[in-house]
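Below are the chains, spelled out letter by letter.
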Amino acid sequence: MDIPDIIEPPQKRAKTEDAPKTDEVVVSAPEVPAQPQTETEDQLAKELEVGITEFVSADNEGFAGILKKRYTDFLVNEILPNGKVLHLQSKRVPNANKDDDTPAQAQEKPQVEKSEEKPKETETPAEEFRLTDEDKTLLDELFGEQHVLRMVSLHKKALENLKAKPSDLGRLNTIVVNDRDQRIKMHQAIRRIFSSQLESTTDSEGMMVISVAPNRNKKNVQGGGRGGGGGRDRGRVNWDELGGQYLHFTIHKENKDTMEVISFIARTLKMNPKSFQFAGTKDRRGVTVQRACAHRLQAHRLASLNKTLRNAVVGDFEYQPHGLELGDLYGNEFVITLRECDIPGVNPGDRETAVTKAKELANTALKNLHQRGYFNYYGLQRFGTFATRTDTVGVKILQDDYKGACDAILDFSPHVLAAAQAGQAATTNISSEDKARAESIHIFQTTGRVTDALEKMPRKFTAESNIIRHLGRSKNDHLGALQNIPRNLRLMYVHAYQSLVWNLAVGERWRLYGDKVVEGDLVLIHEHRDKDGSASATPAQPTETATVDADGEVIITPSAGDSAYSAEDTFTRARALTADEAASGKYNVFDIVLPLPGFDVLYPPNKMTDWYKEFMASPRGGGLDPYNMRRKWRDVSLSGSYRKVLSRMEGGEGASSVDVRLYEKDDEQFVKTDLEVLNDNGDAKMDDAGASAGDKIAIIFKFQLGSSQYATMALRELMRGKDKTYKPDFGGGR
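In short, a report on the structure. Everything numeric in this text was worked out from a predicted model, so none of it was measured. (Residues numbered from 1 in each chain as written. Predicted model: local features only at pLDDT ≥ 70, side-chain atom pairs only at ≥ 80, totals over all residues. Heavy atoms only, no water.)

Another point: the overall build of the chain. The number of helices and strands found in the chain is 23 helices and 21 strands. Looking at the 734 residues of the chain, the share that counts as buried comes to 55%. Surface summary for the chain: the accessible area is close to 31,800 Å², and the carbon and sulfur share equals 47%. (Helix = DSSP H or I, 4+ residues; strand = E, 2+ residues; numbered from the N terminus. Buried < 20%, exposed > 50% of the residue type's maximum accessible area, 1.4 Å probe, protein only. Areas by Shrake-Rupley, 256 points an atom, 1.4 Å probe, with all protein chains shown as cover.)

The next thing to look at is the pattern of salt bridges. On inspection of all chains with the given rule, the structure shows 26 salt bridges. A salt bridge links D140 to K136; its shortest N-O distance comes to 2.9 Å. Within this pair, D140 and its partner K136 are both found in helix α4 (residues 133–143), separated by 4 residues, close to a single helical turn. A relative accessible area of 30% places K136 in the partly exposed class. For E581, the salt bridge goes to R575, with nearest N and O atoms at 3.0 Å. Each member of the pair, E581 as well as R575, carries the same accessibility label: buried. A single network of salt bridges, built from pairs that share partners, joins K69, E340, D666 and K696. (Salt bridge = Lys/Arg side-chain N within 4 Å of Asp/Glu carboxyl O.)

With 113 residues, the main nonpolar core has L482, I699, F701 and F703 as its most contacted residues. By residue number, the principal contributor to this core is helix α18 (residues 487–513), which donates 14 residues. Residue contacts for F703: discarding those within four places in its chain leaves N332, E333, F334, I336, M649, A655, S656, A711, A714 and L715. In terms of nonpolar packing, the next biggest core, distinct from the first, is built from 27 residues, V237, W239, F249 and L302 among them. (Core = buried A, V, L, I, M, F, W, Y, C linked by side-chain atoms within 4.5 Å. Contact = heavy atoms within 4.5 Å.)

What follows concerns the packing of helix α14 (residues 432–447) against helix α16 (residues 462–473). Here α14 crosses α16 at 10 degrees, and the two axes come no closer than 11 Å. The angle between the axes of α14 and α16 places the two elements in the roughly parallel class. Contacts between α14 and α16 pair R437, S440, I441 and F444 from the former with E464, I468, L471 and G472 from the latter. Taken together, the residues of the contact of α14 with α16 sort by class into 4 nonpolar, 2 polar and 2 charged. (Axes fitted to C-alpha atoms, helices over the stretch in contact; angles between N-to-C directions. Parallel < 35°, antiparallel > 145°, perpendicular 65-115°, else oblique. Nonpolar A, V, L, I, M, F, W, Y, C, P; charged D, E, K, R; others polar.)

What the 3 strands build is an open sheet, ordered β3-β5-β4; its pairing is antiparallel. Each edge of the sheet is formed by a strand with only one pairing partner; in this case those strands are β3 (171–176) and β4 (198–202). Neighbour-to-neighbour, the strand axes of the sheet open up by a mean angle of 25 degrees, direction not taken into account. Where β3 meets strand β5 (residues 207–212), 4 bridges bridge the pair, whose relative direction is antiparallel. Its bridge partner being in β5, L172 is matched across the sheet by I210. Along the sheet, helix α6 (residues 180–193) makes contact with β3, β4 and β5, crossing β4 at roughly 160 degrees. (Pairing = 2+ DSSP bridges.)

Here we take up unusual backbone geometry. In the Ramachandran plot, D316 falls in the positive-phi region, its phi being about 50 degrees despite a non-glycine side chain. With respect to the helices, strands and loops of the structure, D316 is situated in strand β9 (residues 312–320).

Before going further, it helps to spend a moment on the pairing of strand β19 (residues 657–663). Among the 7 residues in β19, 5 count as buried, and that is most of the element. In this structure, β19 lies alongside strand β20 (residues 696–706), joined through 7 bridges in antiparallel fashion. Counted as the bridge partner of V660 is I699 from β20.

Before going further, it helps to examine helix α13 (residues 414–422). Every buried residue of α13 is listed here: V416, L417, A419 and A420. An end-on view of α13 places all buried positions within 160 degrees of arc, on one side of the element. Projecting away from the buried face of α13 at angles above 90 degrees are the exposed residues P414 and Q421. Close packing links the buried residues of α13 with α14. (Arc of directions from axis to C-beta.)

Looking now at the pairing of strand β1 (residues 64–67). A regular strand carries its side chains on alternate faces of the sheet. Every second residue of β1 is oriented toward a common face, with A64 and I66 on one face and G65 and L67 on the other, all of them buried. Pairing of β1 with strand β10 (residues 331–342) involves 3 bridges; the strand directions are antiparallel. Within β10, the residue paired with L67 across the bridge is L338.

Remark on secondary structure: sheet strands pair via backbone hydrogen bonds, oriented parallel or antiparallel. With respect to topology, 4 strands assemble into an open sheet ordered β15-β12-β16-β17, the strand pairing being antiparallel. Only two strands of the sheet have a single partner each, and these edge strands are β15 (574–576) and β17 (641–644). Averaged over all adjacent pairs, the angle separating strand axes in this sheet is 50 degrees, with direction ignored. Direction of pairing for strand β16 (residues 592–596) relative to β17: antiparallel, over a ladder of 4 bridges. Along β17, the bridge assignment pairs P595 with Y642.

Positionally, A279 belongs in the loop between β7 (276–278) and β8 (287–295). With a relative accessible area of 7%, A279 lands in the buried category. In this structure, the C-alpha to C-alpha distance between A279 and L324, residues 45 residues apart in sequence, is 6.5 Å.

With that settled, the discussion passes to the packing of helix α11 (residues 390–398) against helix α12 (residues 402–409). Axes are the key here: two packed helices are described by the angle between their axes and the distance separating the axes. The N-to-C vectors of α11 and α12 enclose an angle of 165 degrees; their axes lie 7 Å apart at closest approach. Classified by the angle their axes make, α11 and α12 are roughly antiparallel. Between α11 and α12 lies a crossing whose hand is left-handed. Contacts between α11 and α12 pair V393, K396 and I397 from the former with Y402, G404, A405, A408 and I409 from the latter. (Left-handed = near helix turned anticlockwise from the far one by under 90°.)

Looking now at the packing of aromatic side chains. Tallied over the entire structure, the rule returns 15 aromatic pairs. Note on Y378 and Y710: the rings are 6.4 Å apart at their centroids and 70 degrees apart in plane angle, and the pair reads as edge-to-face. Of this pair, Y378 sits in the loop between β11 (374–375) and α11 while Y710 sits in the loop between β20 and α23 (711–719); the two residues are 332 residues apart in sequence, bridging distant segments of the chain. Taking relative accessible area as the criterion, Y710 reaches 5% and is therefore assigned buried. An aromatic cluster of at least three residues, connected via ring pairs, comprises Y603, W611, Y612, F615 and Y627. Sitting over the ring of F590, R648 keeps its end group 3.7 Å from the ring centre. (Phe/Tyr/Trp six-rings, centres within 6.5 Å; stacked < 30°, edge-to-face > 60°. Lys NZ or Arg CZ within 6 Å of the ring centre and 35° of its normal.)

The subject of this paragraph is α6. Between its first and last C-alpha, α6 extends 20 Å over 14 residues, near the 20 Å set by a 1.5 Å rise per residue. Of all 14 residues in α6, 11 are buried, a share of seventy percent or more. Among the residues of α6, R180, D181, Q182, R183, I184, M186, H187, A189, I190, R191 and I193 are the ones counted as buried. Tucked inside the fold, the buried residues of α6 contact α4, α5 (145–160), β3, β4 and β5. (Expected span 1.5 Å × (residues − 1).)

Here you go:
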């Protein structure tokens, strides 16, 4: 995916407000305690407000614990499409003898390379290309034998006519493909097997078309320019010899946002940030390992930044002919340490018994999570952390109340402004950036001095800065102000409203029917073709052209034609189960989906449809019509989508584990980071000398989740909602 042109999404901002303002549009389910007395009650109240109400395993006893007290307590490693967990292996640069040439040497080489390479291009017989048995079997399954023969023929023609235009060599129409995951698989197979000399596209009818790639014979591409190495690499680089024009690499970062690292790299190398791609952003407060890539960037230039990168390292460099796409991420593995655990019936003073009982309870909870799953709720981070939630902004936008939306985005809590104006050093639970934000908005609202306000506003608050800047020029053009917010950021507001409705719908569906499959329940068509006699089933997957937000959720972006995706994509479809199908036993609760409201979704033809109508029409639902989600401002026309009611952990029970430690000092660490393992020559063992005594209990969970699942929701089910998120004092520290 291309990196969105934003600094930081609203859900990543530091917490500044504990209670919602009374004048906001609140869309909630049960009543919430008016004044929470503890952090746990505070979190539960916030969850209730956004529809996070139910537990799958009602008999789970649960336990209390603190999450992310140290950022090394939250380790996240991407899972690659092949199911392998990504780890940082090396910081060395590949092909150092070729890649570390000075510009002068690089300028001398291409002439020799050109004279050597050109005969190889023109004289290599096309007959030398042979499909491996494995690749032929794969292509036959995807396209059919006759189409594969025609592809090989087209590829041969492309090799024999390197100077011919792709349009002169013809196009090959194959089959109509309506399944997004299947299309991704087919695109990737064509690109890999034919070494990017053939390319595949889909037309408006879903027809998969194969053609000759226009850049199949480009050699010695200039390394400089906007997208790649910049002015420093004036020499010509043979990207094909290196392996491809995309440098893939691993980012290991600690207590940093993904965009912070990417922005620093791009700024230092004088590159366009859009030259970088990654499969999803990762949490700030944690240690995360993810794959990224850059177009036409040499590894030695990127590796040189390891000397100046703070709390981040890049490594595992590899050149490839293609970039990263959404399909290139299977999920994430989490290793989470919960500290100061309070477990019913466990006395830390009796060390052996404490460890045994704590491990039994944690293992039982983890087993229940594997077998029964957990609600696929959108977590609190989806709804922001300021007094006015992001879904409230979304409601106002959908109501065409653009002034109200701008006012909501520029809202701040009076106590934050008071702390900023008083210079209260004691208010360590409020970050300096949040205080500066409040001061900036206050300056604009009371004096109208745009320049002074923007000078005070921290750079990461993109939405606020753009609104202030635009309203300073056009006081009453609130729609224009919203349109000046980067697209992915402004869409998060309306998607947050969808998420809120979906969370509340899940609770209602569970209260009505529990885990029973009933008539009218929705299932995804492409997942169950084996049950209704149609084509084979394949798992759901986002398209390669979709974008995602910072939580890994697919962003539905209406095009000029007001459709769910661009013309070459096909929307995921669902259908309702008949009474016979619901009773057949072929379907279970993990198959059921609920719609996020939009104009292109099916609502369940049972009591749930009435609920969508009644709730969305209510004041708390914004007075909206679930069947009328188109807007004059097409950017916020919601086509809708579907989401599974329940999630299950990936990888089976063997991919999960539990460990229990007794400890005394808060700075004790129980799991090494990838960088620590690498620096210790691959030794992943910790020194247990200081972690076997003390009166505090730590529980360490390891488990795997899909790419758009929330670890916080899995932990909520594990702990029965008794988890407490650590509130940093913004004073640093690990």
